[in-house]
Amino acid sequence: MREVSQGLDVANEEEFASQSTLLKEFASLPTIDKAWVFESENGGSSRAMFSISQPNLLGNEKRTHILSSHIAKQSDGSVSFQWAPFPVEMSGVSIIVPSPSGQKMLVIRNQENDSPTQFEIWGPSRVEKEIHVPKSVHGSVYTDGWFEGISWSSDEILIAYVAEDPSPSKPVFDGLGYKKRASTEKDCNSWEGQGDFEGDWGEAYSGKRRPGLFVVNIASGDVHIVDGISKSLSVGQVIWAPKNDELDQYLVFVGWPSDCGSEMIVRKLGIKYCYNRPCALYAVKASFHKSATDKLETKGDRSEDKTAAINLTQGISSAFFPQFSPDGKFLVFLSAKSAVDTGAHMATDSLHRIDWPTDGKPQTSLKWFDVVPVVQCAEEDCFPGLYCSGFLRNPWLSDGRTMIMSCYWRSSQVIVSVDVLSGRVSRVTPNSSASWNILALNGDNILSVSSSPVEPPEIKYGYSTERKEWNWLDISGPVSIYSTKVKSMLSSLQFSIMKIPVRDTSVDLTDGARTPYEAIFVSSKTRKSGACDPLVVILHGGPHSASSTDFNKNHAFLSTLGYSLLIVNYRGTLGFGEEALQSLPGKVGSQDVSDVLAALDHVIEMGLADPSKVAVVGISHGGFLTTHLIGQAPDRFAAAAARNPVCNLALMVGTSDIPDWCYVGAYGGSEGKINFTEAPSLDHLRVMYNKSPISHLSKVKTPTLFLLGAQDLRVPVSDGLQYARALKENGVEVKVMMFPKDNHEINRPRSDFESFLNIGVWFNKHFHLSHCRKPVYIYM
């Protein structure tokens, strides 16, 4: 069945034109992705490089540029930033990685088709070395932030990295049938067959081959395949172990087994956003045989021998993000053992330490120690546990034992310090409602970015006083200069974090599941003659994810259209302790729905929302909640928008890259893991169907917009289409937008822009509004 386009009427065209102009104001705002700081030899000043991205709507790609600044330290403890006059665009660059000394910079360019991967070694003024690695050696280098592992050796001659294995040989056929490999004649009528199917790691990794470990010698240009790693392991996050001149040098990396570490699972499952995949830290020798010529050579093979990789973390089901202390005496790592052991795709992290052998020889018997354990029940205003998405390349203060990292702290993101010897965790950012993210360390000072729902990102510089208190300086510069129009629109908004009491206080709830959860409320500072602005309820995906108080361009767009926002962190959200998080599996479609309705009732009872003017929008599990809400509470929502929603778990279990989550979500952690199978029984399917929005479909009457990515492997497009077409059968007003080249996130620049433009137009249409809040622009 083909969907018939309704086209645009005159009113819609005017709405699209005016809203697209407004949305472009926000879409064009730059995002500060990361930074590097290079200290001068005299210690009086340093230089910083900022990687900044901006959507290129016409090119439908992310434009990345580098902006440099000179940081001068003043005698009074303050600093001044002298910025370069213009940024430099990094066109065609996949990733840049400065060397430890800051004297060299690695630039990697992954090429399409059969072109070689390019490694460029830059010095202060020029390209000092260029190495082209053909596809026969390896495929693209992983730069995704998860399998990504690019590490310079201490002498800055070797670089270890993770890249796709080379393509395996495939059968060739011609007009006579199978063509033997020994044949060298050219035949224009031959073709390469498909060969054996090899599974991948699902969403965002479709078609990517196994990540393997390689070393390049930038002096000779030789590329070396690291020996001793089983083909059953996927490799990532490699770092060099401390160097000892008398010993072979070791690499430490994370390895994920292809069977996900379970006898019940015989294939790779989706890994993006899924920390419940078992993994371990391994050490392997990194012998490199220098070539007498500059000719590119591939050394080694995949066979397992006396150089076999050593499992360093036996006895713990998860270990990742390894980091050595500056003196090399200990190795620290994060663990998601809570997620692995329960089946929740994300959970509360723990931090651990291994005392590295003084003789430099890693062993399987190394003992690991708890540094920061999992926090079960988070007391009010106290540390709720680690929820950390990564470390800086150098996260250490000068004492060699204190790490600085970002993590969720309820509805905000904060920066914390962790003493890896005592386990003491301290919050170093102010007790404000804004969110903070660390960019880099400048000695014992912190370069960070801070933002809120009504304040775009700004650079902050933190330094510790003699009393061990942190002071924060506002750093003005090009990256925090916004248009007068944007400033004016945002200046009319305010936000707060609301604590929502739990309605269900049944005896089977843990203490953590009884504690209040939170919602972020964004509204206008003024009200028109006592009337409430229409309200949009915004629901994050996951469900084990979080909506924090950082700046979101699309949410700001909806706010300036004239909507109040209720962004709900229902129980199951990260940042509230493990008991609250684990209360959701087995209760999806009921507990989370109840939490959202309770939050909505809370703002209505406070007089902040009109119950007749409420819309709802969510992606993934947020879309699951969106479609559940319009079915379970059909009279409460005037309009809805669902982005790649989970509508039918019974359909998703047979098509998704994470079928195990369908079991864990429907049955709960331990029971879901026990029941999991690739061949669900009728009883299993019945339970999943009853937990799904489609079971309430007959009650739905809310006009609903569906935004679907055709390449989605997490929640395949069939899930949303089935539900949308069934709604049409029932006479509900439905609009479906399909993005042919997008996966689950729908985050390509044009797709993201069109998604929220259509959401704004859809909501305005069903509230009979047109630019309901007309901002007053103040020109300075």
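Only a predicted model underlies this, so the values are computations on that prediction, with no experimental measurement involved.

Rules behind the numbers
- Residues numbered from 1 in each chain as written.
- Predicted model: local features only at pLDDT ≥ 70, side-chain atom pairs only at ≥ 80, totals over all residues.
- Heavy atoms only, no water.
- Helix = DSSP H or I, 4+ residues; strand = E, 2+ residues; numbered from the N terminus.
- Rg over C-alpha atoms; globule rule 2.2 N^0.38 Å.
- Buried < 20%, exposed > 50% of the residue type's maximum accessible area, 1.4 Å probe, protein only.
- Contact = heavy atoms within 4.5 Å.
- Areas by Shrake-Rupley, 256 points an atom, 1.4 Å probe, with all protein chains shown as cover.
- Lys, Arg positive; Asp, Glu negative; His and termini not counted.
- Charge placed at Lys NZ, Arg CZ, Asp CG, Glu CD.
- Salt bridge = Lys/Arg side-chain N within 4 Å of Asp/Glu carboxyl O.
- Pairing = 2+ DSSP bridges.
- Axes fitted to C-alpha atoms, helices over the stretch in contact; angles between N-to-C directions.
- Parallel < 35°, antiparallel > 145°, perpendicular 65-115°, else oblique.
- Left-handed = near helix turned anticlockwise from the far one by under 90°.
- Core = buried A, V, L, I, M, F, W, Y, C linked by side-chain atoms within 4.5 Å.
- pLDDT = per-residue confidence, 0-100.
- Phe/Tyr/Trp six-rings, centres within 6.5 Å; stacked < 30°, edge-to-face > 60°.
- Lys NZ or Arg CZ within 6 Å of the ring centre and 35° of its normal.
- Polar contact = N/O pair within 3.5 Å; in protein donor to acceptor, adjacent residues only side chain to side chain.

## Section: the overall build of the protein
Within the protein, the secondary structure is distributed over 14 helices and 40 strands. Computed over the C-alpha atoms, the radius of gyration of the protein is 27 Å, within 12% of the 28 Å expected from 2.2 N^0.38 for a compact globule of 780 residues. Evaluated residue by residue, the protein yields a buried proportion of 56% over its 780 residues. For the protein, contacts bridging at least 24 residues in sequence account for 65% of all contacts bridging at least 6. Taken as a whole, the protein presents about 33400 Å² of accessible surface, with 50% of it coming from carbon and sulfur. One way to put it: in the protein the 74 positive side-chain charges average out to a point 2 Å from where the 87 negative ones average out.

## Some words on the pattern of salt bridges
Any two side chains of opposite charge can pair if their charged atoms end up close together. Per the counting criterion, the structure on display carries 22 salt bridges. For the salt bridge of glutamate 120 with arginine 109, the shortest nitrogen-to-oxygen distance reads 2.7 Å. Taken together, the positions of glutamate 120 in strand S8 (residues 117–122) and arginine 109 in strand S7 (residues 105–109) put the pair eleven residues apart, joining distant regions of the chain. For the residue pair glutamate 120 and arginine 109, the accessibility class agrees, reading buried in each case.

## A word on the sheet that holds strand S13 (residues 177–179)
The sheet built from three strands is open, its strands ordered S13-S12-S14 with antiparallel pairing. Sheet topology places S13 and strand S14 (191–192) at the edges, where each strand pairs with a single neighbour. Across two bridges, the pairing between strand S12 (residues 172–174) and S14 is antiparallel. Among the inter-strand pairings, phenylalanine 173 is bridged to a residue of S14, identified as tryptophan 191.

## Considering the packing of helix H10 (residues 659–667) against helix H12 (residues 682–690)
Look at H10 against H12: their axes get within 10 Å of each other, and the N-to-C directions meet at 70°. Relative to H12, the element H10 is oriented roughly perpendicular. H12 is crossed by H10, and the crossing has left-handed handedness. Side by side, H10 and H12 meet where Cys662, Tyr663, Ala666 and Tyr667 of the first sit next to Asp683, His684, Val687 and Met688 of the second.

## Quick look at the nonpolar core
Ranked by size, the top nonpolar core spans 140 residues in total, and within it Leu251, Leu312, Val537 and Val568 carry the most contacts. Of the residues forming this core, the biggest block, eight residues, is contributed by helix H7 (residues 591–605). Beyond its immediate chain neighbours, meaning those up to four positions away, leucine 312 contacts Val252, Leu281, Tyr282, Ala283, Leu331, Ile354, Trp356, Pro362, Gln363 and Leu366.

## With respect to unusual backbone geometry
In the segment running from glycine 542 into proline 543, the intervening peptide bond is cis, with an omega of 10°. Along the polypeptide, proline 543 turns up in the loop between strand S35 (535–539) and helix H5 (553–561). Residues other than glycine seldom take positive phi values, yet isoleucine 746 does so here, at roughly 50°. Positionally, isoleucine 746 belongs in the loop between strand S40 (734–739) and helix H14 (749–766). For isoleucine 746, a relative accessible area of 0% puts it in the buried group.

## What to know about the confidence of the model for the protein
In this model, the protein carries an average pLDDT of 91, and 93% of its residues clear a pLDDT of 70 or more. Note on residues 1–5: pLDDT under 50 across the span, and three contacts to partners over four residues away in sequence or across chains. In this model, residues 772–780 is a region of pLDDT below 50 whose contacts with residues beyond four sequence positions or in other chains number 20 contacts.

## Describing the packing of aromatic side chains
A full pass over the atoms with the stated rule returns 30 aromatic pairs. Here phenylalanine 81 and tyrosine 461 contribute two aromatic rings whose centre-to-centre distance is 6.1 Å and whose plane-to-plane angle is 80°, an arrangement assigned as edge-to-face. Placement of phenylalanine 81 in strand S4 (residues 79–83) and of tyrosine 461 in strand S31 (residues 455–464) is noted, with a sequence separation of 380 residues between them. The two residues phenylalanine 81 and tyrosine 461 agree in class, both being buried. Between phenylalanine 324 and tryptophan 356 the ring centres are 5.0 Å apart and the planes differ by 90°, which places this aromatic pair in the edge-to-face class. With phenylalanine 324 in strand S22 (residues 320–324) and tryptophan 356 in the loop between strand S24 (350–355) and strand S25 (368–372), this pair connects stretches of sequence that are 32 residues apart. Like tryptophan 356, phenylalanine 324 is buried. Through pairs of rings, three or more aromatic residues link up here, namely Tyr142, Trp146, Phe147, Trp201, Tyr205, Trp256, Tyr275, Phe320, Phe321 and Phe391. A cation sits over an aromatic face here: lysine 208 above tyrosine 142, 4.8 Å from the ring centre. Here the guanidinium or amino end of arginine 427 rests over the ring plane of tryptophan 409, the centre of that ring lying 5.2 Å away.

## Notes on the sheet that holds strand S23 (residues 330–335)
If you walk across this open sheet you meet the four strands as S22-S23-S24-S25, and the pairing is antiparallel. Of all the strands in the sheet, the pair left with one neighbour each is S22 and S25. Sheet twist, expressed as the average angle between the axes of neighbouring strands with direction ignored, equals 25°. Where S22 lies against S23, three bridges are found, and the strand directions are antiparallel. Each residue of the ladder has a partner; that of phenylalanine 324, found in S23, is leucine 331.

## Structural notes on the side chain of asparagine 311
Looking at where asparagine 311 falls in the secondary structure, it is placed in strand S21 (residues 310–311). For asparagine 311, a relative accessible area of 17% puts it in the buried group. At 2.9 Å, the side chain of asparagine 311 forms a polar contact with the backbone nitrogen of threonine 313. Within the structure, the side chain of asparagine 311 is placed 3.4 Å from the backbone nitrogen of glutamine 314, a separation counted as a polar contact. In this structure asparagine 311 touches Ala280, Leu281, Tyr282, Gln363 and Thr364, once residues within four positions along its chain are discounted.

## Describing the packing of H5 against H14
Taken N-terminus to C-terminus, the directions of H5 and H14 make an angle of 25°; their axes are 11 Å apart at the nearest point. With respect to each other, H5 and H14 are oriented roughly parallel. Where H5 crosses over H14, the two elements pack in a sense that is right-handed. Residues Asn554, Phe557, Leu558 and Leu561 of H5 touch H14, and the partners they reach there are Asp752, Phe756, Leu757, Ile759 and Gly760.

## Some points on the side chain of serine 234
Summarising the element assignment, serine 234 is placed in strand S17 (residues 233–240). For serine 234, a relative accessible area of 0% translates into the label buried. Among the polar contacts made by the side chain of serine 234, one reaches the side chain of tryptophan 201 at a distance of 2.9 Å. The residues touching serine 234, leaving out its near neighbours within four places in the chain, are Phe147, Trp201, Arg210, Pro211, Val254, Gly255, Trp256 and Lys268.

## Quick notes on the environment of valine 479
Structurally, valine 479 can be placed in the loop between strand S32 (470–475) and helix H3 (484–491). Note on valine 479: relative accessible area 6%, which makes it buried. Excluding residues within four positions of it along the chain, valine 479 makes contact with Pro30, Ile32, Ile52, Leu67, Trp83, Pro457 and Ile459.

## Here we look at the environment of phenylalanine 756
Counting through the fold element by element, phenylalanine 756 comes out in helix H14. Sequence spacing of phenylalanine 756 and isoleucine 481 is 275 residues, and the spatial spacing of their C-alpha atoms is 24 Å. In contact with phenylalanine 756, other than residues within four places in its own chain, are Leu23, Asn554, Phe557, Leu558 and Arg643.

## Remarks on H5
With nine of nine residues buried, H5 is to be regarded as a mostly interior element. Listed in full, the buried residues belonging to H5 are Lys553, Asn554, His555, Ala556, Phe557, Leu558, Ser559, Thr560 and Leu561. If you check the start of H5, you find a side-chain oxygen 3.0 Å away from the backbone N of asparagine 554, and it comes from asparagine 552. Backbone geometry just downstream of H5 places glycine 562 in the positive-phi region, at approximately 120°.

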